[in-house]
Amino acid sequence: MTDRVLIVDFGSQVTQLIARRVRESGVYSEIHPFNKVTAESVAAFGPKAIILSGGPASVTEAHTPRADDAVFAQGVPVLGICYGQQTMCAQLGGRVEAGDHREFGRAYLEVVDDCALFHGVWNKGGREQVWMSHGDRVTQLPDGFRVVGNSEGAPFAAIADDRRHFYGLQFHPEVVHTPHGAQLLRNFTHGVAGCRGDWTMQAFKTQAIDKVRRQVGSGRVICGLSGGVDSSVVAALLHEAIGDQLNCVFVDHGLMRQGEADQVVSVFRDRFNIKLVHRDASDLFLGKLAGQTDPEVKRKIIGATFIDVFEEEARKVGGADFLAQGTLYPDVIESVSFIGGPSVTIKSHHNVGGLPERMNMKLVEPLRELFKDEVRDLGRELGLPDEMVGRHPFPGPGLAIRIPGQEITRDKLEILRKADAIYLEEIRLAGLYDTIWQAFAVLLPVRTVGVMGDSRSYDFACALRAVTSTDGMTADFYPFPHDFLGRVTNRIINEVKGINRVTYDITSKPPGTIEWE
């Protein structure tokens, strides 16, 4: 069995980063809310090590989160980070107090002694950059602990109990602002806990296929295929697992980018030989969108129509016992916050959320343990083309929300598709596609006067958007050189009839959003 690390979540905004860093070192990890962690759940999970995350609460206040005592009685190494360090110390007999010197952002740790966490990374007497975010601080260590690092605002910024293999860090090793943080975590998982680091995407694929076969048995599965990364990987994995027991339904709403509908059909029907129903429902969608300019109305129409068409096609193929969805691990984490309640509403345009109750089917969610970048790796492992698994994020409502403030028509869609295709082609030619999180063109509800040849033109203005990001929660515009923007603008105006002006959007998120609608 693959070694596993349990991450106990106390509500930190960066808990997901802990899991990502651990997985990047080849060790499987899961995040469990602190109030769901019990002696029984810990024993069932069988962790090789446990990490306690940071969090927004104060250990000095009553009724704030604590780790279950089973965490410290399991006999495995424990690493407490920020709030995790504080609650570990408080629970084991130490003391935590509100600090009169708070630390937020870059700080410097004085390495006062060696320990297993620092092996090969930091040396006694060194001064190392770390990232702090705390007001409270440990003021007395529990029995068995010693200080191995301090900072200006935290006398016990790094502590170690060598006998029990318990460690505490007041700083955050999981963020990139702690330059050697990933190595410290690797020392904990590999050096202290002895994890083998054998969790690979090839191993996950084998395990996921076996799991699907056990769950589905001889049942039939239906999958809503959108052409996006998640549903494409789900379809490829299920087909490898259960073959002809899988039926895929591709609802083509007519709002995809240039050539994407044809690519979906070609890859899945022709290359993978998957049973695929391709329903061209573009007339239906455009008919329902006629006259609509409000973005929320557009979204609701597209979502509801998608579900109606999917259900209709599902009935035609004779129904199924299971519905496949592309639920990812961040969806699972976000849907149950550390206080046990829902924290977000997960969009359901293309993972057909809402269908299970109406269609009376069980769910198959083979990607629910993976982050987005891991899904891409799995897609490559399954043989999907890189232009499909490496594709930039694309909204469920498609190009409908890239024609803001105006009615959606076939003519406008065609103009936008051509401009968008030119823009993405130039980005690829410049070798920038994988550097950029998301790039696209927007057809603005503005017509401008121009001069083309000896004639006056009165055509649409187009905006270009490109952002860098790690998770889409925050983003900054990509700083294209002016000659690149000039080249793209020249091509769009010369090759796309209907556009005579191009602008570049340099708004960050926040205050803006990545999409315009």
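Reading the values: rules and limits
Residues numbered from 1 in each chain as written. Predicted model: local features only at pLDDT ≥ 70, side-chain atom pairs only at ≥ 80, totals over all residues. Heavy atoms only, no water. Helix = DSSP H or I, 4+ residues; strand = E, 2+ residues; numbered from the N terminus. Rg over C-alpha atoms; globule rule 2.2 N^0.38 Å. Buried < 20%, exposed > 50% of the residue type's maximum accessible area, 1.4 Å probe, protein only. Contact = heavy atoms within 4.5 Å. Areas by Shrake-Rupley, 256 points an atom, 1.4 Å probe, with all protein chains shown as cover. Lys, Arg positive; Asp, Glu negative; His and termini not counted. Charge placed at Lys NZ, Arg CZ, Asp CG, Glu CD. Pairing = 2+ DSSP bridges. Right-handed = clockwise from strand over helix to strand, strands pointing away. Expected span 1.5 Å × (residues − 1). Axes fitted to C-alpha atoms, helices over the stretch in contact; angles between N-to-C directions. Parallel < 35°, antiparallel > 145°, perpendicular 65-115°, else oblique. Left-handed = near helix turned anticlockwise from the far one by under 90°. Nonpolar A, V, L, I, M, F, W, Y, C, P; charged D, E, K, R; others polar. Core = buried A, V, L, I, M, F, W, Y, C linked by side-chain atoms within 4.5 Å. pLDDT = per-residue confidence, 0-100.

*Asks:* I keep staring at the overall build of the protein and nothing clicks. Help me out?
*Replies:* Helix and strand counts for the protein stand at 16 helices and 18 strands. Over its C-alpha trace the protein gives a radius of gyration of 26 Å, about what one expects of a compact globule, namely 24 Å for 517 residues. Referenced to the eigenvectors of the C-alpha coordinate spread, the extents of the protein come out at roughly 80 × 60 × 40 Å. In the protein, which comprises 517 residues, the proportion classed as buried is 57%. Here the contacts in the protein between residues at least 6 apart in sequence split such that 75% fall between residues at least 24 apart. For the protein, the exposed surface amounts to about 22,300 Å²; the carbon and sulfur share of it is 48%. With 56 positive and 66 negative side-chain charges, the protein shows a separation of 3 Å between the mean positions of the two kinds.

*Asks:* Mind showing me how you'd approach the environment of Trp 437 here?
*Replies:* The residue Trp 437 is located in the loop between helix H15 (410-429) and strand E15 (438-452) in this model. Spatially, the C-alpha atom of Trp 437 lies 34 Å from that of Ala 314, the residues being 123 residues apart in sequence.

*Asks:* Explain the pairing of strand E11 (residues 246-252) here, please?
*Replies:* Moving residue by residue along a regular strand, the side chains alternate between the two faces of the sheet. Across the 7 residues that make up E11, a large majority, 7, are buried. Covered by surrounding structure in E11 are Leu 246, Cys 248, Phe 250 and Asp 252 together with Asn 247, Val 249 and Val 251, the residues of both alternating faces. As paired elements, strand E10 (residues 221-224) and E11 share 4 bridges and run parallel to each other. Bridge assignment links Ile 222 to a residue of E11, and that residue is Asn 247. Viewed along the sheet, the connection from E10 through helix H7 (residues 229-242) into E11 turns out right-handed. In this sheet, strand E12 (residues 276-280) lies alongside E11 in parallel orientation, the contact comprising 5 bridges. Note that in E12 the partner of Phe 250 across the bridge is His 278. This β-α-β element, E11 to helix H8 (residues 260-271) to E12, shows right-handed connectivity.

*Asks:* I'm lost on H7 in this one. Help?
*Replies:* An α-helical segment advances 3.6 residues per turn. Residues three or four places apart therefore align on the same side. Over its 14 residues, H7 extends 20 Å from the first C-alpha to the last, a length consistent with the 20 Å expected when each residue adds 1.5 Å. Most of H7 is tucked away: 13 of the 14 residues are buried. Residue Gly 243 follows H7 closely and has a positive phi angle near 55 degrees.

*Asks:* What's the story with the packing of H15 against helix H16 (residues 482-495) in this structure? I'm lost.
*Replies:* In a packed pair of helices, the relevant descriptors are the angle between the two axes and the axis-to-axis distance. Running from N to C, H15 and H16 point in directions that differ by 150 degrees, and their axes come no closer than 10 Å. Overall, the two elements H15 and H16 adopt an arrangement that is roughly antiparallel. With respect to the hand of their crossing, H15 and H16 are arranged in right-handed fashion. Where H15 approaches H16, its residues Ala 419, Ile 422, Tyr 423, Glu 425, Glu 426 and Ile 427 are matched on the opposing element by Phe 484, Arg 487, Val 488, Arg 491, Ile 492 and Glu 495. Split by residue class, the contact of H15 with H16 holds 7 nonpolar, no polar and 5 charged.

*Asks:* What am I meant to see in the sheet that holds E10 here?
*Replies:* Consider a sheet: its strands pair through backbone hydrogen bonds, and that pairing is either parallel or antiparallel. One open sheet accounts for 5 strands, arranged E12-E11-E10-E13-E14; its pairing is parallel. Taken across any chain shown, the strands that pair with only one partner, and hence form the sheet edges, are E12 and strand E14 (362-364). Between one strand and the next, the sheet's axes are offset by a mean angle of 25 degrees, whatever the strand orientation.

*Asks:* Please clarify how the nonpolar core should be interpreted in this entry.
*Replies:* The tendency in soluble globular proteins is for nonpolar side chains to be buried as a group. In terms of nonpolar packing, the biggest core is built from 48 residues, with Tyr 423, Ile 427, Leu 464, Phe 480, Ile 492 and Ile 499 touching the most fellow members. Of all the secondary structure elements, the ones that give two or more residues to this core are E11, helix H9 (282-289), helix H10 (295-316), H15, E15, strand E16 (455-468), H16 and strand E18 (499-504). Counting residues per element, this core draws most heavily on H15, at 8 residues. What Ile 427 contacts, discounting residues up to four positions off in sequence, is Leu 432, Tyr 433, Ile 436, Ala 439, Phe 480 and Phe 484. By size, the runner-up hydrophobic cluster in this structure holds 44 residues, among which are Phe 204, Val 229, Val 233 and Ala 236.

*Asks:* Explain the side chain of Gln 263 here, please?
*Replies:* Assignment of secondary structure puts Gln 263 in helix H8. Apart from residues no more than four positions distant in its own chain, Gln 263 is found in contact with Glu 387, Met 388 and Arg 391.

*Asks:* I tried to follow the confidence of the model for the protein on my own but got confused; where do I start?
*Replies:* Reading fine detail from the predicted coordinates is not recommended where pLDDT is low. The pLDDT averaged across the protein works out to 88; a share of 93% of its residues lies at or above 70. Ranking the helices and strands of the protein by mean pLDDT puts H15 first, with 97, and helix H12 (residues 355-359) last, with 57.

*Asks:* I'm lost on the packing of helix H6 (residues 201-216) against helix H13 (residues 372-381) in this one. Help?
*Replies:* Viewed as axis vectors pointing N to C, H6 and H13 meet at an angle of 80 degrees, and their least axial separation amounts to 10 Å. When the axis of H6 is compared with that of H13, the two are roughly perpendicular. Only Glu 374, Asp 377, Leu 378 and Glu 381 of H13 make contact with H6, whose side of the interface consists of Met 201, Gln 202, Phe 204 and Lys 205. Across the contact of H6 with H13, the residue classes break down as 3 nonpolar, 1 polar and 4 charged.

*Asks:* Which parts of the structure should I look at to understand the pairing of strand E2 (residues 28-33)?
*Replies:* Counting buried residues in E2 gives 6 out of 6 residues, a clear majority hidden from the surface. Residues Tyr 28, Glu 30 and His 32 line one face of E2 and the alternating positions Ser 29, Ile 31 and Pro 33 line the opposite face, and both faces are buried. Pairing of strand E1 (residues 4-9) with E2 involves 6 bridges; the strand directions are parallel. Considered in E2, the bridge of Leu 6 is made with Glu 30. Between the parallel pair E1 and E2, the chain is carried across by helix H1 (residues 15-24), and the sense of this crossover is right-handed.

*Asks:* When you look at unusual backbone geometry in this model, what are you seeing that I'm missing?
*Replies:* In terms of backbone geometry, most residues other than glycine have negative phi values and most peptide bonds are trans. A cis amide bond, omega -15 degrees, links Lys 509 with the succeeding residue Pro 510. With respect to the helices and strands, Pro 510 occurs in the segment after E18. Following Pro 510, the chain continues to Pro 511 via a peptide bond in cis, the omega torsion being 15 degrees. Positionally, Pro 511 belongs in the segment after E18. We note that Asn 273 has phi near 55 degrees; this positive angle belongs to a residue other than glycine.

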